[in-house]
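# Per-entry structural report
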Amino acid sequence: MAVQVQLSSLWLPSPTVTVPFVHCKSKTKPSTTSLASSASLSSSLSSSAPIIQTVGGKQSSWHGGNSNNSNGSIEAYEEECDWADLDADLYYWTKSLRPVQWYPGHIAKTEKELKDQLKLMDVVIEVRDARIPLSTTHPLMDQWLGNRKRILVLNREDMISMADRNAWATYFAKQGTKVIFSNGQLGMGTMKLSRLAKALASDVNVKRRSKGLLPRAVRAGIVGYPNVGKSSLINRLLKRRMCPAAPRPGVTRVLKWVRFGKDLEFLDSPGIIPMRISDQAAAIKLAICDDIGERSYDVADVAAILVQMLARIPTVGITALQNRYKIDMDGTCGKTFVQKLALHLFNGDTHQAAFRILTDFRKGKFGWISLERPPRLSLTAVP
Ligand SMILES: Nc1nc2c(ncn2[C@@H]2O[C@H](COP(=O)(O)OP(=O)(O)OP(=O)(O)O)[C@@H](O)[C@H]2O)c(=O)[nH]1
């Protein structure tokens, strides 16, 4: 894939820096990005924010989450490289970890049923988590849907920045994909969604009338990964709590039809996730965003990786992490940071410390941050 070609030139150890920005366990992994050595890092901490150096001594060119650099400028290009750089590092950080896999019984049970029901749909609404739209793309969805009419919803729009939103809107517009940004908690985007579903499926009743049949309600199936907000969207639209929704994955366990007015019906479905997640970087992002069952991952490992990611995201950075928890991030290892936080606040309980970091991220304590940016369209196949 072209992105790999682009990255391969970056997978070089820094000629000048020896402390890699990687997960602590692995000492041999290559890293695309490294920090100043521990000594220079700690001395720089006392005076100013630490400087993240990228391969070849190039300064980090991140521009922050509020910039909108999808304009083809050098800055935009460099920012894209930084995201690709982080993705590459994430890949190596996750390699040494126990694989994250989650396929509870109710998903296995309802997956087949859902596939059968999808054949009856006039339109399918695929909901993804706006923070990680790529990692919440089911690899078999295209195969299941064929050329069925489809609407893509990026839910949790309140949890990303305007720059993130614009970047994804541009990305999907370039592909001609209809995308709606929504907020399942407050209901934003739901009316637009119902209008679009009806409009896309309007030919159903035209065909029925031409055959002398009575019109029927349009059938819209709502599908997507666990905890992305499918049930909440339906509840908001109906202004009633018709479908179970709660802040944890795997709450919806059975398929359920609900009626919206006289001409639209929704199918709420349990979150569906692949039986085997081959992309472990995606699996870690699912864990960070609470889109996968907590039993499937080690909270301390996931928090450590989140720390390393946040340290690299310019709107957060090392300084914000240090300020929030009042501990130094000496060295560059997320695991050490979690352990220090455990000693500092939780009597050495690493699990609690890790959980605090994850919860803070999920509550937006570091700002609303997307963990993915669109890949370059010309380089990467679109999922
Ligand atoms: N901040 C925010 N929270 C949301 C949004 N949409 C849903 N939520 C919350 O996310 C949690 C999960 O929502 P659900 O509607 O249960 O998600 P689901 O996709 O049906 O989950 P499964 O049952 O696992 O399939 C709930 O606590 C919702 O209140 C949103 O747009 N923004």
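The protein chain appears in an unreviewed UniProt entry as G domain-containing protein from Citrus sinensis.

### Regarding the site of the ligand
Taken together, 24 residues sit near the ligand, with G184, K230, S232, G250 and T252 positioned nearest. Separating a nitrogen atom of the ligand from a side-chain N or O atom of Q185 is a distance of 3.3 Å. Within the backbone of V251, a nitrogen or oxygen atom sits 3.1 Å from an oxygen atom of the ligand. Protein chains shield 93% of the accessible area of the ligand, which is 650 Å² for the free molecule. Looking at the shell around the ligand element by element, the count peaks at 3 residues for helix 9 (residues 230-238). Its residues assigned to classes, the shell around the ligand shows 9 nonpolar, 12 polar and 3 charged.

### Structural notes on the pairing of strand 4 (residues 149-155)
Side chains on a regular strand alternate between the two faces of the sheet. Of all 7 residues in strand 4, 5 are buried; the element is thus mostly enclosed. Bridge count between strand 3 (residues 123-129) and strand 4: 7 bridges; the pairing is parallel. Residue V127 lies in a different strand from strand 4, and its bridge partner there is V153. With helix 6 (residues 162-175) bridging strand 4 and its parallel neighbour strand 5 (residues 179-182), the resulting β-α-β unit is right-handed.

### What about the packing of aromatic side chains?
Applying the stated criterion to the full structure yields 7 aromatic pairs. Residues W168 and Y171 carry aromatic rings whose centres are separated by 5.4 Å and whose planes lie at 85° to one another, so their mutual orientation is edge-to-face. You can see W168 and its partner Y171 sitting in helix 6, 3 residues apart, about one turn around the helix. Among the residues examined, W168 registers a relative accessible area of 0% and is labelled buried.

### Observations regarding the sheet that holds strand 5
In space, the 6 strands of this open sheet follow the order 5-4-3-6-8-7, with mixed pairing throughout. At either margin of the open sheet sits one strand with a lone partner, and together these are strand 5 and strand 7 (256-260). This sheet shows a mean twist of 25° between the axes of neighbouring strands, independent of strand direction.

### Brief notes about the domain arrangement of the protein chain
By the assigned domains, the protein chain splits into domain 1 (83-98 + 298-363) and domain 2 (104-268). A C-alpha centroid distance of 33 Å is found between domain 1 and domain 2.

### Regarding the side chain of T252
You can see T252 is positioned in the loop between helix 9 and strand 7. When its relative accessible area of 11% is taken as the criterion, T252 is described as buried. One polar contact links T252 to S231, side chain to side chain, over a distance of 2.9 Å. Apart from the residues within four sequence positions on either side, T252 is in contact with H106, S231, P244, D268, S269 and P270.

Reading guide: rules and limits
- Residues numbered from 1 in each chain as written.
- Predicted model: local features only at pLDDT ≥ 70, side-chain atom pairs only at ≥ 80, totals over all residues.
- Heavy atoms only, no water.
- Near = heavy atom within 4 Å.
- Polar contact = N/O pair within 3.5 Å; in protein donor to acceptor, adjacent residues only side chain to side chain.
- Areas by Shrake-Rupley, 256 points an atom, 1.4 Å probe, with all protein chains shown as cover.
- Helix = DSSP H or I, 4+ residues; strand = E, 2+ residues; numbered from the N terminus.
- Nonpolar A, V, L, I, M, F, W, Y, C, P; charged D, E, K, R; others polar.
- Buried < 20%, exposed > 50% of the residue type's maximum accessible area, 1.4 Å probe, protein only.
- Pairing = 2+ DSSP bridges.
- Right-handed = clockwise from strand over helix to strand, strands pointing away.
- Phe/Tyr/Trp six-rings, centres within 6.5 Å; stacked < 30°, edge-to-face > 60°.
- Axes fitted to C-alpha atoms, helices over the stretch in contact; angles between N-to-C directions.
- Domains from an automatic or database assignment.
- Contact = heavy atoms within 4.5 Å.

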